[in-house]
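Letter by letter, the chains look like this.
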Amino acid sequence: MISMKKLLIGSVVLGAGALVTSLAMAKDKHASVDNEFAMMDTDKDGKISAAEHAAGAKAMFEKMDANKDGKVTADEMAAAHQAMTGNKAKKGDMSAAEKIKMVDSDGDGVLTAAEHAKASEEMFAKMDTNKDGFLSKEEMAAGHASMMKKGK
């Protein structure tokens, strides 16, 4: 079973479209979840399916993979964070290398698409508390709140 610390990192790494970065970067946490939810709910049915979540995570990975080699380095992740937010990581924030380490299953210091996808899948399963195969906005908000508490 994946730890809540890994889920926090997965959230930051995965972004799940933005699950990752919007959570870590937004000043207004409720707006962050609302924005992320709207972005991921591509069919606008008011819930996020596992497929929508996976597609968002894949899109995020592709944004982070600047050189398109199928791997995300700490430098690429940090640059993507800065490009999306306009800010460098703040003092006290987990470094990109630390985020990668939390979901880097082979310990090579880089995040592969497969590692990213697996962590995203595990994060979705953890947040889907009623096990209906979808994330409601409430489940997403609660999952983010829980991850934020555990990550500090």
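Note that the coordinates shown come from a computational prediction; the quantities given were computed from them, not determined experimentally.

Draft legend 1. Here's a closer look at the overall build of the protein. In terms of regular secondary structure, the protein is built from eight helices and four strands. Along its sequence from the N terminus, the protein presents helices and strands in the succession α-α-α-β-α-β-α-α-β-α-β-α. A burial count over the protein gives 43% of its 152 residues as buried. Partitioning the contacts of the protein with sequence separation of at least 6, the portion at a separation of at least 24 is 58%. Accessible surface computed for the protein: about 8100 Å², of which carbon and sulfur atoms make up 56%.

Draft legend 2. Looking closely at the packing of helix H4 (residues 50–64) against helix H7 (residues 113–127). Running from amino to carboxyl end, H4 crosses H7 at an angle of 145°, the nearest separation of the two axes being 10 Å. Like other packed secondary-structure pairs, H4 and H7 cross with a definite hand, here right-handed. Residues Ala50, His53, Ala57, Phe61 and Met64 of H4 form the contact with H7, whose own contacting residues are Ala113, His116, Ser120, Met123, Phe124 and Met127.

Draft legend 3. Inspection of the packing of aromatic side chains at higher detail. Summed over all chains, the structure comprises zero aromatic pairs. Over the ring of phenylalanine 134 we find lysine 47; its NZ or CZ atom is 4.2 Å from the centre of that ring.

Draft legend 4. Looking closely at the packing of H4 against helix H5 (residues 74–85). For the pair H4 and H5, interaxial distance at closest approach is 8 Å and the crossing angle is 105°. In terms of their interaxial angle, H4 and H5 are classed as roughly perpendicular. Contacts between H4 and H5 pair Met60, Lys63 and Met64 from the former with Glu76, Met77, Ala80 and Met84 from the latter.

Draft legend 5. How the structure looks around the nonpolar core. Counting 11 residues, the largest nonpolar core is built from Met60, Phe61, Met64, Val72, Met77, Ala80, Ala96, Ile100, Val103, Leu111 and Ala119. Val33, Met40, Leu135 and Met140 belong to the second largest nonpolar core, which has nine residues in total.

Draft legend 6. Inspection of the environment of glutamate 138 at higher detail. Relative to the assigned elements, glutamate 138 resides in helix H8 (residues 137–151). In this structure glutamate 138 comes out as exposed when scored by relative accessible area, which is 59%.

Draft legend 7. Region of interest: the pattern of salt bridges. Enumeration according to the criterion identifies two salt bridges in this entry. Of the charged contacts, one joins lysine 137 and aspartate 34 as a salt bridge, the two residues approaching to 3.7 Å between their closest N and O atoms. Here the residue lysine 137 occupies a position in helix H8, and aspartate 34 occupies one in helix H3 (residues 29–40), the gap between them amounting to 103 residues.

Draft legend 8. Structural view of the confidence of the model for the protein. The predicted model of the protein averages 80 in pLDDT, with 76% of residues at 70 or higher. Contacts of residues 1–29 to residues separated by more than four positions or lying in other chains number 90 contacts, the stretch itself having pLDDT below 50.

Draft legend 9. Representation of the environment of lysine 101 within the structure. Following the sequence through the fold, lysine 101 ends up in helix H6 (residues 96–103). Separated by 27 residues in sequence, lysine 101 and alanine 74 place their C-alpha atoms 9.5 Å apart.

Draft legend 10. Broad picture of the side chain of aspartate 65. Relative to the elements of secondary structure, aspartate 65 occurs in the loop between H4 and strand S2 (71–72). No salt bridge is formed by the buried aspartate 65; its nearest oppositely charged neighbour, lysine 68, is found at 5.7 Å. The residues touching aspartate 65, leaving out its near neighbours within four places in the chain, are Gly70, Lys71, Val72 and Glu76.

Draft legend 11. A look at H5. When the terminal C-alpha atoms of H5 are compared, their 16 Å separation across 12 residues agrees well with the 16 Å that a helix rising 1.5 Å per residue should span. All of the buried residues along H5 are Glu76, Met77, Ala80 and His81. Down the axis of H5, the smallest arc covering the buried residues is 135°, so these residues share one side. Seen from the open side of H5, the exposed residues pointing more than 90 degrees away from its buried face are Asp75 and Ala83.

Rules used throughout
Starting afresh in each chain, residues are numbered from 1 along the sequence in its written order. Given that the model is predicted, a residue must reach a pLDDT of at least 70 before its local features are reported, and side-chain atom pairs must reach 80 or more before they are shown or counted; all residues, however, enter totals for whole chains, interfaces and linings. As a rule here, side-chain values cover all heavy atoms of the structure and leave hydrogens and water aside. By the criteria applied, helices consist of DSSP H or I runs no shorter than four residues and strands consist of E runs no shorter than two, each listed in order from the N terminus. Summary of the burial criterion: residues with accessible area below 20% of their type's maximum are buried, those above 50% are exposed, and those between are partly exposed, where the area comes from a 1.4 Å probe applied to protein chains only. By the convention used here, residues are in contact when the closest approach between their heavy atoms is within 4.5 Å. Per-residue accessibility takes into account occlusion by the displayed protein chains alone, with areas from the Shrake-Rupley method and a 1.4 Å probe. Note on geometry: axes are C-alpha line fits, over the in-contact stretch for helices, and angles between N-to-C directions span 0 to 180 degrees. Handedness of a helix crossing follows the sense of rotation of the near helix relative to the far helix, less than a right angle counterclockwise being left-handed and clockwise being right-handed. Only Phe, Tyr and Trp rings take part, Trp by its six-membered ring, and two of them pair if their centres are within 6.5 Å. Stacked means planes under 30 degrees apart, edge-to-face means over 60, and tilted covers everything else. Only when the NZ of Lys or the CZ of Arg is both within 6 Å of the ring centre and within 35 degrees of the ring normal is a charge said to sit over the ring. Throughout, the term roughly parallel applies to angles under 35 degrees, roughly antiparallel to angles over 145, roughly perpendicular to angles from 65 to 115, and oblique to all others. The term nonpolar core refers to a set of buried residues drawn from Ala, Val, Leu, Ile, Met, Phe, Trp, Tyr and Cys, joined through side-chain atoms within 4.5 Å. Here a salt bridge means any side-chain nitrogen of Lys or Arg lying within 4 Å of a carboxyl oxygen belonging to Asp or Glu. The pLDDT value expresses, per residue, how confident the predictor is, ranging between 0 and 100. We score Asp and Glu as negative and Lys and Arg as positive, and we do not count His or the chain ends. Each helix should span, by expectation, one fewer than its residue count multiplied by 1.5 Å. The directions considered for the arc are those from the helix axis to the C-beta atoms.

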